[in-house]
Amino acid sequence: MGLVLTDGAVVAVVVLGVVAVIAGIAVFVVDSMARATFALLASFLAVAGVFLVLDLTYLAVVTALMMTIEMAIMVVFMIMFMMNPAGLMPMTMVHNARGSAAVGAAVFAVITVAVWTVDWPPRAGTPPEDSTRQLGEAIMGSDMLVMIVIGVGLFATMVAGTVLATHRGRYDRFGADLDASRPDDPVRGGMPR
Amino acid sequence: MTDTVVLQLLLTVAAALIGVGVFGALSQQSIVMVMMGIELIVNGVLVAAASAWFFLAPERPDGQVLVVVALVVMAVEMVMGFAATIAIYRARKVDMVDMATELRG
């Protein structure tokens with residue numbers, strides 16, 4: 001099998017891949033929740049760069065934009081929930097680190113051995129001129145069921161996430177028909193809790 | 001260097017991301033950091049799916065569709081993770097996995 005990528009492109013994907021892994025390791029090494037979030041963002045951006053080299057322009061842009069926004073939201077949650085957001089002191093919040101490292105290394109080893117021992121088939125066909133068109137035609141045609149399931153799944157996620165995250169509302173306090181004369185609160189006093 | 005070797009290098013990168021993610025998801029005490037570990041695992045799936053599409057079957061869109069599905073899984077995971085974190089914090093003031101022991105047998 002010949003080489004479909006140029007030498008420069010091969011170097012680019014390898015360097016970006018190494019950057020993605022180093023940034024991924026940094027997530028669990030740095031002393032600040034905010035820095036960990038931005039290390040994860042760096043890992044995602046490196047993967048978006050790999051997508052760009054592999055002619056997946058649309059997915060690269062989607063990944064970069066989506067992950068930038070997601071990490072911006074995540075950093076807010078970090079500061080809300082976590083101690084030490086600024087990394088002013090050493091931060092170690094782990095349990096069974098040695099066992100976890102062993103499991104992680106074992107997973108890496110098993111997949112890597114499989115990757116380097118499998119007899120990979122030759123490339124079937126060539127990439128389309130416009131990979132975005134190929135994806136668009138797939139999700140609006142042959143793979144439309146996937147998009148339908150994704151749509152229903154995202155809608156269910158929005159509803160379930162909102163229900164989980166909101167305070168007790170008037171239906172919790174006054175019943176499904178809102179006809180209770182007194183609110184059913186765990187603590188009396190009239191505040192909506 | 002052949003295409004197969006480049007594919008194997010990229011899949012090794014994916015394996016490393018998945019391994020680091022597994023370590024993070026298992027070792028971290030903070031719920032938010034556990035979610036970051038899971039995101040790294042899905043990040044590895046993204047790399048593997050994209051490289052499989054490019055080096056094995058670029059004429060078929062399935063690899064790209066798998067990338068889209070993985071991105072959606074990532075978004076769903078984050079939404080439900082944060083919603084559950086807010087719910088459990090509101091109910092029990094718990095933000096570490098070691099403190100969430102209600103279901104322990």
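Residues numbered from 1 in each chain as written. Chains lettered and ligands numbered in written order. Predicted model: local features only at pLDDT ≥ 70, side-chain atom pairs only at ≥ 80, totals over all residues. Heavy atoms only, no water.

*Asks:* Would you mind going over helix H5 (residues 131-139) of chain A in detail, with residue names and values included?
*Replies:* The α-helix winds at 3.6 residues per turn, so residues separated by three or four positions along the chain end up facing the same way. Residue and element names in this part refer to chain A. Those residues of H5 lying buried are Ser131, Gln134, Leu135, Ala138 and Ile139. Buried residues in H5, looked at end-on, bunch into an arc of 120°, giving them a common side. Relative to its buried face, H5 has exposed residues pointing more than 90 degrees away, namely Arg133 and Glu137. Put simply, Asp130 is the residue that caps the front of H5, since its side-chain oxygen is 3.1 Å from the backbone nitrogen of Thr132. (Buried < 20%, exposed > 50% of the residue type's maximum accessible area, 1.4 Å probe, protein only. Helix = DSSP H or I, 4+ residues; strand = E, 2+ residues; numbered from the N terminus. Arc of directions from axis to C-beta. Polar contact = N/O pair within 3.5 Å; in protein donor to acceptor, adjacent residues only side chain to side chain.)

*Asks:* Tell me about the side chain of Ser43 of chain A, residues and numbers included.
*Replies:* By the element assignment, Ser43 of chain A lies in helix H2 (residues 33-53). The residues touching Ser43 of chain A, leaving out its near neighbours within four places in the chain, are Ala20, Ala23 and Gly24 of chain A together with Leu17, Leu40 and Asn43 of chain B. (Contact = heavy atoms within 4.5 Å.)

*Asks:* An account of the domain arrangement of chain A is needed here, citing residue identities and associated values.
*Replies:* Segmentation of chain A into domains returns domain 1 (7-86) and domain 2 (129-193). Taking only C-alpha atoms, the centre of domain 1 of chain A and the centre of domain 2 of chain A are 28 Å apart. (Domains from an automatic or database assignment.)

*Asks:* Please provide a residue-by-residue account of the interface of chain A and chain B, values included.
*Replies:* On the chain B side, the residues contacting the 80 residues of chain A number 74 residues. Carbon and sulfur atoms supply 78% of the area that chain A and chain B bury against each other, a total of about 7000 Å² over both sides. Of all residues in chain A, Phe28, Phe81 and His95 of chain A give up the largest surface area on contact with chain B, accounting jointly for 11% of the area buried on that side. In this assembly, chain A and chain B are joined by 0 salt bridges. The interface formed by chain A and chain B contains 18 residue pairs in polar contact (both at pLDDT 80 or more). For the side of chain A that touches chain B, the secondary structure elements donating two or more residues are helix H1 (7-27), H2, helix H3 (57-81), helix H4 (97-117), H5 and helix H6 (144-165) of chain A. It is H3 of chain A that provides the largest number of residues to the side of chain A that touches chain B, a total of 12 residues. For the side of chain A that touches chain B, the per-class residue count stands at 58 nonpolar, 18 polar and 4 charged. (Buried area = accessible area lost by both parts, 1.4 Å probe. Salt bridge = Lys/Arg side-chain N within 4 Å of Asp/Glu carboxyl O. Nonpolar A, V, L, I, M, F, W, Y, C, P; charged D, E, K, R; others polar.)

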